[in-house]
Amino acid sequence: MRTIRCRIGMSIAQVGFLGAVLTTQFAYGQFSSNVQGTVLDPSGLAVASATVRLVNTQTRVTNETRTNTSGFYRFTSLPPAPYKVTIEATGFQHTEADVTLTTGQTAGFDFTLTIRTAATEITVREVVPILNTEETRLQLTLNKETLENMPVQNHGILALLTAAPGVGGFIGAGPDSFAIQSVTNATANGHWGNGNSISMDGIPLMSNIVQGAVNISPNPDSIQEMAVQTNSFSVVGASSGSSLVGSMTTKSGTNQFHGVVHYMFTNQSMQAGTEFIHSYAPFKRHSVSGAVGGPVIKDKTFFFVSTESKRSTRTSTALSTFEDPAFAAWANVHFPNSIGTSLLNKFPIDNYVKSSVVRWGSSDYISTCTTPTATCNQPYLAQGPAGVSPPSLGLQFSARGDQYLRGGKDRFYGNVYKTSIDQWDAPERSGFNLNHQWYNWWVSGNYTHVFNAQSLNEASFGGYNYHGCDSPNNSQIPNIGIQNTAGFSTVWGSLPACWYQHNYVYRDSLSWIHQNHSFKFGFQLTRDDDTVAFAGVGSRPIYSFNSLLDFVQDKVYSETGVAYDPRTGKNTPLLAGTNRVTLAGYVQDEWKVRSNLLLTLGVRWDDFGNVRPWGYTEAYPTVNNIIPATSGALDQRFANAAVVAGKQLYPHDRANNWSPRVGVAWSPTKNRKLSIRGGIGMYRDNVTLGQATDQLRSNPPTYITPTFGATSTSGILPILSIGTSNTYPYGFTYPVIPIVPVDSRGGFTGI
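Residues numbered from 1 in each chain as written. Predicted model: local features only at pLDDT ≥ 70, side-chain atom pairs only at ≥ 80, totals over all residues. Heavy atoms only, no water.

## Here's the deal with the overall build of the chain
Summing up its helical and strand segments, the chain has seven helices and 43 strands in all. Looking at the chain as a whole, 55% of its 751 residues qualify as buried. Excluding contacts between residues fewer than 6 apart, the proportion of contacts in the chain whose partners are at least 24 apart in sequence is 73%. Summed over all atoms, the accessible surface of the chain reaches about 31,500 Å², with 59% contributed by carbon and sulfur. (Helix = DSSP H or I, 4+ residues; strand = E, 2+ residues; numbered from the N terminus. Buried < 20%, exposed > 50% of the residue type's maximum accessible area, 1.4 Å probe, protein only. Contact = heavy atoms within 4.5 Å. Areas by Shrake-Rupley, 256 points an atom, 1.4 Å probe, with all protein chains shown as cover.)

So, in structure tokens, the structure goes:
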């Protein structure tokens with residue numbers, strides 16, 4: 001039983017020891033590690049038909065094979081764990097060694113056997129070489145001890161991506177286990193973060209909306225290891241990885257019960273000051289996490305569960321400018337019946353605290369007062385900090401089960417994560433407090449069937465759902481911006497809004513060892529979708545006023561934010577959805593050319609599919625793309641382009657994308673203390689649904705968002721309106737626009 005510990009998180013400079021292991025393989029799945037090597041006699045000749053046995057010392061699951069005529073052996077599709085390797089051959093001493101496999105590692109271990117005499121029989125212990133010469137790739141593996149003890153702020157595992165050699169960029173202190181969509185700005189290979197590929201147990205975690213973003217950030221107590229690779233020449237796994245490839249392996253139960261508990265607390269008193277900031281506004285964070293695992297049936301059935309809870313408050317250190325209470329009282333006297341004055345009365349400044357006056361009455365409403373009356377000298381604009389600390393609550397739970405069958409030859413495991421976040425933002429006026437409610441779940445499963453010592457099949461599936469809603473109070477009040485002072489809106493502007501993402505993956509991989517070749521044949525099927533329900537975004541007007549004085553007189557400078565269908569002249573809700581199906585296949589050979597030379601040869605085929613309408617197909621039955629003309633110079637082709645509304649985004653599926661890759665690992669010295677690695681390959685970054693559709697859904701003939709100005713030459717003036725309902729369609733009065741027909745090229749006539 002591991003000792004229960006309490007860890008206090010402090011946001012001051014901390015120094016930790018990075019217990020990392022440099023290895024070299026991309027982790028395709030949970031069972032992604034391998035052991036291979038050559039068995040020789042004292043004269044250096046190959047020992048054929050030697051029995052090689054591999055035992056997982058945590059679960060006692062045993063694998064067995066025999067060396068081929070070249071003395072070569074290989075165990076594939078292994079979980080990261082400590083193992084014991086034993087060699088038995090007629091006429092030779094029993095030989096064994098201990099080896100610890102990390103995520104995705106191919107450990108090379110050659111044995112030179114000792115001849116057994118008739119008088120004695122001993123067990124020979126071999127030492128695992130420090131330098132691994134069996135792989136063509138370089139990666140950093142962070143083991144469970146490192147993940148548990150590294151002083152990572154906010155307990156966020158993604159911040160460790162930049163710990164690998166050759167990785168640049170900055171993740172920052174923001175990501176924690178409750179950052180449902182974290183943009184990984186870590187970069188490698190001269191490529192930006194959009195080419196990153198992060199997976200857990202072989203199932204991708206990447207967002208199908210924001211390229212390079214991760215939709216799940218697991219509790220570090222649930223992760224066995226995290227591997228970060230900067231140069232992958234494998235065609236197995238994700239199609240991307242042109243920048244950095246990260247793989248996390250979840251913990252499983254073993255034959256012994258084990259667990260861990262962490263508690264972290266921080267507040268403003270533990271935040272170190274800087275040269276310019278000496279104190280911070282009050283905030284606090286309580287984070288409690290724990291995990292436990294063990295056997296259900298020893299050597300066969302295991303479980304592991306983890307949870308993490310966050311209870312925190314946040315605050316802003318920035319100052320805000322807003323109307324002074326004296327001005328609100330003045331407005332009640334001079335403009336008691338205006339919409340602006342009524343809003344000042346109904347939604348006063350109550351989330352921020354006045355600390356000083358920054359402007360006086362004479363500066364803006366001098367024409368309404370007469371010097372030297374008190375009106376001109378009264379406060380007009382005040383300034384102050386936040387006076388409230390809105391809560392941020394989070395809960396994550398994970399559970400995993402493992403079942404071994406047929407004496408460990410077949411195995412199945414299932415894993416599930418569930419994360420929920422309930423977070424509030426507090427602008428200057430509490431009437432517009434904003435509640436973020438975000439949820440996701442992630443599930444995966446893997447079934448491996450061993451045919452014989454040379455071949456096995458691994459089938460895996462996975463999926464995740466990401467659902468978020470931002471719900472402000474008082475949605476019947478439009479978004480109002482006032483120059484130089486706080487307006488009337490949420491922190492995020494025009495809301496409410498909800499969105500939904502789903503991603504489903506099925507993979508199948510056949511591994512076959514033939515002589516000195518280790519082949520992998522596989523395919524992958526992916527289906528993902530993106531749905532947005534932004535009714536509030538296109539239905540609540542956005543007004544701007546040049547001054548606070550104009551606001552209390554209802555003098556609107558401009559109005560925008562309302563989505564119109566130009567074909568009808570009516571408001572249209574921003575509801576849209578798309579989906580796609582992608583396919584991939586690959587063939588790879590890890591060829592042990594000689595005992596000191598390994599080649600990785602592979603080719604991958606990807607069909608990135610097409611983007612099609614899904615979800616709100618009644619409102620938006622097509623996807624609209626701009627297609628250049630087919631003839632003429634390039635500038636003429638775009639000048640003559642047309643908007644094509646169809647049932648798919650691209651004219652043809654984006655198929656036949658071939659990606660060949662070659663890697664080499666060569667150890668030129670007999671003592672194996674030097675390894676030369678390299679390779680070349682083609683990589684393709686897929687276009688996310690967000691890139692393909694979010695930027696295009698405003699293409700004609702869907703909707704337009706015109707701006708109406710007080711001095712507009714079109715004759716259409718802003719209409720200051722308060723809604724009649726807090727829910728869609730809100731009941732605002734909109735300016736009337738003329739119906740605009742669609743021309744032959746898909747555009748709007750006169751626009």
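So much for the structure itself; the text now carries on.
## Describing empty space enclosed by the protein
Rolling a probe over the atoms, with the probe sized like a water molecule, indicates the empty space that remains. In total, this model carries 10 cavities of 30 Å³ or more according to the counting rule given. Roughly 190 Å³ of volume is contained in the second largest cavity. Taken together, 16 residues line the second largest cavity, and the ones lying closest to its centre are A576, T578, V623, T693 and R697. Counting residues per element, the ones that place at least two in the lining of the second largest cavity are β31 (517-534), β36 (574-594), β39 (623-627) and α7 (689-694). Its residues placed into classes, the lining of the second largest cavity shows seven nonpolar, six polar and three charged. (1 Å grid on protein atoms, 1.4 Å probe; cavity = no way out; pocket = protein on both sides within 12 Å on 5 of 7 lines; lining within 4 Å. Points joined across faces, edges and corners; volume = space filled by probe spheres on them. Nonpolar A, V, L, I, M, F, W, Y, C, P; charged D, E, K, R; others polar.)

## What about the pattern of salt bridges?
In this structure the tally under the stated criterion is 16 salt bridges. As a salt-bridge pair, D176 and R285 come within 3.2 Å of each other at their nearest N and O atoms. In this pair, D176 is assigned in the loop between α1 (144-149) and β12 (182-183) and R285 in strand β19 (residues 284-297), connecting sequence segments 109 residues apart. The same class applies to D176 and to R285, which are both buried. One network of salt bridges, in which partners are shared, links R53, E64 and E88. (Salt bridge = Lys/Arg side-chain N within 4 Å of Asp/Glu carboxyl O.)

## Section: the nonpolar core
Core analysis: the largest hydrophobic core is formed by 28 residues, its most contacted members being L161, I198, L205, M226, L244, M248 and W442. For this core, the secondary-structure elements that each account for two or more residues are β11 (138-142), β13 (197-200) and β16 (223-231). Examining the composition of this core, we find that three residues originate from one element, β16, more than from any other. Once you skip the residues sitting within four places of it in the chain, W442 turns out to touch M200, D201, I203, P204, L205, I216, N415, V416, Y417, G463 and Y464. (Core = buried A, V, L, I, M, F, W, Y, C linked by side-chain atoms within 4.5 Å.)

## Remarks on the pairing of strand β37 (residues 597-607)
On a regular strand, each side chain points to the face opposite its neighbour's, so the side chains alternate between the two faces of the sheet. The pairing of β36 with β37 spans 11 bridges and is classified as antiparallel. Looking at β37, one finds that W591 is bridged to L599. Connecting β36 to the antiparallel partner β37 that follows it, the hairpin turn spans two residues. As paired elements, β37 and strand β41 (residues 657-666) share 10 bridges and run antiparallel to each other. The residue bridging G602 from the neighbouring strand is R661, located in β41. (Pairing = 2+ DSSP bridges.)

## Re helix α3 (residues 339-346)
Along α3, the positions that sit buried rather than exposed are G340, T341, L343 and L344. Each buried residue of α3 lies within a common arc of 160° when the element is viewed along its axis, so the set occupies one face. (Arc of directions from axis to C-beta.)

## Regarding the packing of aromatic side chains
The final tally for this structure, using the stated rule, is 19 aromatic pairs. Both rings, one in W330 and one in F335, keep their centres 5.9 Å apart while their planes meet at 70°; by these two values the pair is edge-to-face. Assessed through its relative accessible area of 4%, W330 is described here as buried. Judged by centre distance (6.2 Å) and plane angle (50°), the ring pair of Y730 and F732 falls under tilted. For Y730, a relative accessible area of 2% translates into the label buried. Ring pairs connect the aromatic residues F347, F432, F488, F545 and F551, which therefore count as one cluster. A cation over an aromatic ring shows up here: R429 above the ring of F488, its NZ or CZ 3.9 Å from the ring centre. (Phe/Tyr/Trp six-rings, centres within 6.5 Å; stacked < 30°, edge-to-face > 60°. Lys NZ or Arg CZ within 6 Å of the ring centre and 35° of its normal.)

## Regarding helix α2 (residues 325-334)
Taken together, the buried positions of α2 are occupied by F327, A328, W330 and A331. Summarising the axial view, the buried residues of α2 lie within an arc of 160°, below the 170-degree limit, and thus occupy one face. Of the residues in α2, the exposed ones pointing more than 90 degrees away from the buried face are P325 and V333. With a side-chain oxygen lying 2.9 Å from the backbone nitrogen of A326, the N-terminal cap of α2 falls on D324. (Polar contact = N/O pair within 3.5 Å; in protein donor to acceptor, adjacent residues only side chain to side chain.)

## Overview of the state of the cysteines
Applying the stated criterion across every chain yields a total of one disulfide. With a sulfur-sulfur separation of 2.0 Å, C469 is cross-linked through a disulfide to C498. Handedness here is read from the sign of the S-S torsion; for C469 and C498, about 115°, the answer is right-handed. Of the two residues, C469 is situated in strand β27 (residues 455-472) and C498 in strand β30 (residues 497-514); the sequence distance between them amounts to 29 residues. (Disulfide = S-S within 2.5 Å.)

## Looking at the sheet that holds strand β23 (residues 379-384)
If you trace the three strands from one edge of the open sheet to the other, you get β21-β23-β22, paired in antiparallel fashion. Only two strands of the sheet have a single partner each, and these edge strands are β21 (320-323) and β22 (356-360). In this sheet, adjacent strand axes meet at a mean angle of 35° when their direction is disregarded. Of the pairings in the sheet, the one linking β22 to β23 comprises four bridges and is antiparallel in character. Each residue of the ladder has a partner; that of V357, found in β23, is A382. (Axes fitted to C-alpha atoms, helices over the stretch in contact; angles between N-to-C directions.)

## Describing the sheet that holds strand β28 (residues 479-482)
Within a sheet, each strand pairs with its neighbour through backbone hydrogen bonds, oriented either parallel or antiparallel. Across the sheet, five strands lie side by side as β29-β28-β32-β33-β43; this open sheet has mixed pairing. Single-partner strands in this sheet number two, and they are β29 (485-488) and β43 (708-709). Pairing between β28 and strand β32 (residues 542-545): four bridges, direction parallel. Bridge pairing in β32 places I482 opposite F545.

## Some points on the pairing of β29
Across two bridges, the pairing between β28 and β29 is antiparallel. Of the residues in β29, the one forming a bridge with I482 is T485. Counting the residues that bridge the hairpin from β28 to β29 gives two residues, and of these N484 lies at a positive phi of roughly 70°.

## Focus on the confidence of the model for the chain
The predicted model of the chain has a mean per-residue pLDDT of 82, with 88% of residues at 70 or higher. Note that residues 1-29 has pLDDT below 50 and, in this model, 106 contacts with residues that lie over four places away or in other chains. (pLDDT = per-residue confidence, 0-100.)

## Quick look at unusual backbone geometry
The omega torsion across Y728 and P729 is 10°, close enough to zero to call that bond cis. Located in the positive-phi region is D299, a residue other than glycine, with phi close to 70°. Here D299 is to be found in the loop between β19 and β20 (301-313).

## Focus: the environment of R594
Here R594 shows up in strand β36. A relative accessible area of 48% places R594 in the partly exposed class.

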